[in-house]
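One-letter residues, chain by chain:
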Amino acid sequence: MAGKSKSPAALWPGLAALAAATVYLIALLAAERQALIISLIGVGVAAVTFVAWFRLFDALSHSFVENEDPLGACAILAVVAIAAYFRDDHFAMLLIVTVLLYSVATLGLNIHFGYAGVLNFAGASFFGVGAYTSAVLGTYTAVPHLIVLAAGGVAAALVGLLLILPVLRTRGHYAAVVTIAFALLFKTFLEVNDVLGGPQGMQVKGMKLLNWSFNDNVEIGPISLSFYMNYFVVSLALLIAAFILVRRLERSWIGLNLDALRLDNVAASCFGLDVARWKITAFLIGNVLIGVAGALYGMVGGFVAPNNYTFADSLVFVSILLLGGIGNPWGVVVATIIVVIIPEKLQTLQEYRFLLYALMVTAILLFRPQGLMPRPVRRYFPEWRP
Amino acid sequence: MSGLLEVRGLTKRFGGVVAIDGLDVAITPNEIVGLIGPNGSGKTTFFNVITGLHAADAGRVTFADVDITSATARTIYRAGISRTFQHSRLSLPLSLFDNIMIGNHTRLNQGLWFNLMRRAALRREFEDGYRAARALVEVFEPALVARMFEPVAGLPMIDRRRIEICRALISAPSLLLLDEPSAGMTHEETTELMDDILLVRDRHKDLTIIIIEHEMGVIERITNRCIVLNFGRKIAEGPYREVASAREVQEAYLGAA
């Protein structure tokens, strides 16, 4: 990478990709007939293959790295535009909100896998801790709902403290096995616990802020909006906050500490790093994100049950990470869109959706092991020049 | 005079193998000591015990009059002992700057709030860190300054060694442990690297160095004296020329006649 070949600010590849993705997503979400959906997905796969074949992905991610702020703003606009298009379509809006909240949760998991190197296969369990927290607090107490969201994050962090202790005492695959055991135990715990509704689960009250009830459709003059639009606003705000948090974390000394201990914890401790402290910190921050997203998602769905937070669901989160590119928040968001929307639209898939995930992950590991958008080298202050 | 590093009766066993056997070593400030001996004589283990990676089974280590025998690697690093590794242990996907800054860990503000919320202050610290790293890298290889934010994985072996030594020096330690810095390099590269190390040492006077090295030319040229180990025991000590002609040393290397 010679200094000269770095084009100063290639904004257009990022903009073009964003515009194309926006139009494509609107088309995909609006499509009803299976034949049309399948051909649209075919077009998408062909486009991605084309881009990969001509090695345009690097130009694309370069563009995003160099122009993160303007492109981030454009991405927010694009999401708002897509939501505006589907303003009264409940199903499409639910999918969009799902993408936003799964992105938040996967950003949290990204801190575990991508930075701290904690292979956490219990992501859905912590998502569930958040959701159950909002179910319990909403049912039994009158705690304001913003605090309920925060409580979801705190609860996930506290439960995470239980898990991180054995994880710290094990290494590599064994630590991963500990988290798998936790995921299985968590589901069983929910099923046998009558206070939490047992296998049938619990109702979750819709979100309410002061007099703004989220489960009512919104009427602004002649325009009527799906009630999911309320959740969309909060979810988008949450995703933006989570994205900025993860970005700042990576572009700080803490991000460096985490990379150092993930890559070589012996060398890291030789240079004064407290490996346990940073692993715990990263694990808890990640869990807060997962828990808050779970708490809000519980309210969106209106219902929580043990079957929604199984080991298989954790694997969905992991496959999002692998697909997007571990450590790259942009990749996480892109991969969430793919993993959430395609199986929902492809109704013909039905129970074969996990087969699709398996195929996607296998393909990505074979052909692009760093994920669709590999993580670039850290830039503490992207606009800074030596 | 009081020594910088005092080691008394240090012993380290791995199962039935006695890697270090009742070793006594005294290092005075500002000297360069060569630690030599055949393979498996306990040189790297000695470094690992000093830096807290292995716990000693017996004996006592004091550094600047503080007992560090059972201290953690972190505490020892904070006390001012820094090291390089026999097999390069850089974080290959990270940039040169990142790798050097890992060595600067104890001097960077590690507060969560500071790192996430006080970006302007973090930026000042980052710029200070960059200047310090650049000044150090310039000593070793000015051409590397332009590649400061590229992954270390793209560097040849000699440059990786240089970055590793920069990482060990950025925190201005008082004792530097170099574990076979010439491994995997040509003779010319080794000479160049040693000159650079001496240059850095001349700049800040209070740097004591213990160097493990198989290249005897290096040992002869830069060390004030040598300690020779064999089977974990000290078999000779003194200036290189004396030590090299000692009978025990020749037997250890070449076998008894």
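Residues numbered from 1 in each chain as written. Chains lettered and ligands numbered in written order. Predicted model: local features only at pLDDT ≥ 70, side-chain atom pairs only at ≥ 80, totals over all residues.

Caption draft 1: Layout of the overall build of chain B. When helices and strands are tallied, chain B shows 10 helices and 10 strands. Taken against the 2.2 N^0.38 rule, which gives 18 Å for 257 residues, the C-alpha radius of gyration of chain B at 19 Å falls within 12% of a compact globule. Seen through its C-alpha atoms, chain B measures out along the principal axes to roughly 65 × 40 × 35 Å. Out of the 257 residues belonging to chain B, those deemed buried represent 43%. The long-range fraction of contacts in chain B, counting pairs at least 24 apart against all pairs at least 6 apart in sequence, stands at 68%. (Helix = DSSP H or I, 4+ residues; strand = E, 2+ residues; numbered from the N terminus. Rg over C-alpha atoms; globule rule 2.2 N^0.38 Å. Buried ≥ 20, exposed ≤ 12 C-beta atoms within 10 Å, placed from the backbone. Contact = placed C-beta atoms within 7 Å.)

Caption draft 2: How the structure looks around the overall build of chain A. Assigned secondary structure in chain A consists of 15 helices and 6 strands. Over its C-alpha trace chain A gives a radius of gyration of 21 Å, about what one expects of a compact globule, namely 21 Å for 386 residues. For chain A, the spread of C-alpha atoms along the three principal axes comes to 60 × 55 × 40 Å. When the 386 residues of chain A are sorted by exposure, 47% land in the buried category.

Caption draft 3: Local environment of the confidence of the model for chain B. Residues of chain B with pLDDT of at least 70 account for 98%, and the chain-wide mean is 87. At the level of individual helices and strands, chain B shows its lowest average pLDDT in helix α10 (residues 247-254) of chain B, which scores 78, and its highest in helix α3 (residues 96-103) of chain B, which scores 92. (pLDDT = per-residue confidence, 0-100.)

Caption draft 4: Representation of the pairing of strand β1 (residues 5-14) of chain B in the model. Residue and element names in this part refer to chain B. As paired elements, β1 and strand β4 (residues 58-63) share 5 bridges and run antiparallel to each other. Bridging from a neighbouring strand, Arg8 pairs with Arg60 of β4. Counting the residues in the hairpin turn of β1 and strand β2 (residues 17-27) gives 2 residues, including Gly15, whose phi is positive at 60°. (Pairing = 2+ DSSP bridges.)

Caption draft 5: Geometry of the sheet that holds β2(B). Residues and elements named next belong to chain B. Taken together, the 4 strands give an open sheet; going across it, the order is β2-β1-β4-β5, and neighbouring strands pair in antiparallel fashion. In this open sheet, the two edge strands, each paired with only one partner strand, are β2 and β5 (66-67). Where β1 and β2 come together, 7 bridges link them in antiparallel fashion. Note on β2: the bridge partner recorded for Phe14 is Val17. In the packing of helix α1 (residues 43-50) onto the sheet, contacts are made with β1, β2 and β4, and the angle to β2 comes to roughly 70°. (Axes fitted to C-alpha atoms, helices over the stretch in contact; angles between N-to-C directions.)

Caption draft 6: Examining the sheet that holds strand β8 (residues 208-212) of chain B more closely. All names here are of chain B. With respect to topology, 6 strands assemble into an open sheet ordered β6-β7-β8-β3-β9-β10, the strand pairing being mixed. Sheet topology places β6 (81-83) and β10 (233-238) at the edges, where each strand pairs with a single neighbour. Going from strand to strand, the sheet's axes swing by 20° on average, the running direction of each strand aside. Relative to strand β9 (residues 225-230), strand β3 (residues 32-36) is paired through 4 bridges, and the arrangement is parallel. Each residue of the ladder has a partner; that of Ile36, found in β9, is Val228.

Caption draft 7: Broad picture of the interface of chain A and chain B. Each side of the interface is counted separately: chain A has 28 residues, and chain B has 32 residues. Among the secondary structure elements, those contributing two or more residues to the side of chain A that touches chain B are α9 (228-250), α10 (253-263) and α11 (265-270) of chain A. For the side of chain A that touches chain B, the leading source of residues is α10(A), giving 6 residues. A per-class count over the side of chain A that touches chain B returns 18 nonpolar, 5 polar and 5 charged. (Nonpolar A, V, L, I, M, F, W, Y, C, P; charged D, E, K, R; others polar.)

Caption draft 8: Summary view of the environment of Thr362(A). Residues and elements named next belong to chain A. For Thr362, the position within the fold is in helix α15 (residues 353-367). We classify Thr362 as exposed; it has 11 C-beta atoms within 10 Å. Between the C-alpha atom of Thr362 and that of Val178, which follows or precedes it by 184 residues, the distance is 24 Å.

Caption draft 9: Quick peek at helix α5 (residues 119-140) of chain B. All names here are of chain B. Counted at 1.5 Å a residue, the expected span for α5 with its 22 residues is 32 Å, and the 31 Å between its end C-alpha atoms agrees. The set of residues buried in α5 consists of Leu122, Phe126, Ala133, Leu136, Val137 and Phe140. Projected down its long axis, α5 carries its buried residues within an arc of 95°, all on one side. Opposite its buried face, α5 presents the exposed residues Ala120, Ala121, Arg124, Arg131 and Glu138, each directed more than 90 degrees away. (Expected span 1.5 Å × (residues − 1). Arc of directions from axis to C-beta.)

Caption draft 10: Focus on the environment of Leu107(A). Relative to the helices and strands, Leu107(A) resides in helix α5 (residues 90-116). When the C-alpha positions of Leu107(A) and Phe317(A) are compared, they lie 9.8 Å apart, and in sequence the two are 210 residues distant.

Caption draft 11: Examining the domain arrangement of chain B more closely. Residue and element names in this part refer to chain B. Entries for chain B in the domain assignment read domain 1 (1-80 + 173-257) and domain 2 (92-172). Computed from C-alpha coordinates alone, the two centres of domain 1 and domain 2 are separated by 27 Å. On the side of domain 2, 12 residues touch domain 1, which itself brings 14 residues to the contact. Going through the elements one at a time, α2 (73-79) and α7 (187-203) are the ones with two or more residues in the side of domain 1 that touches domain 2. Broken down by class, the residue content of the side of domain 1 that touches domain 2 amounts to 9 nonpolar, 2 polar and 3 charged. (Domains from an automatic or database assignment.)

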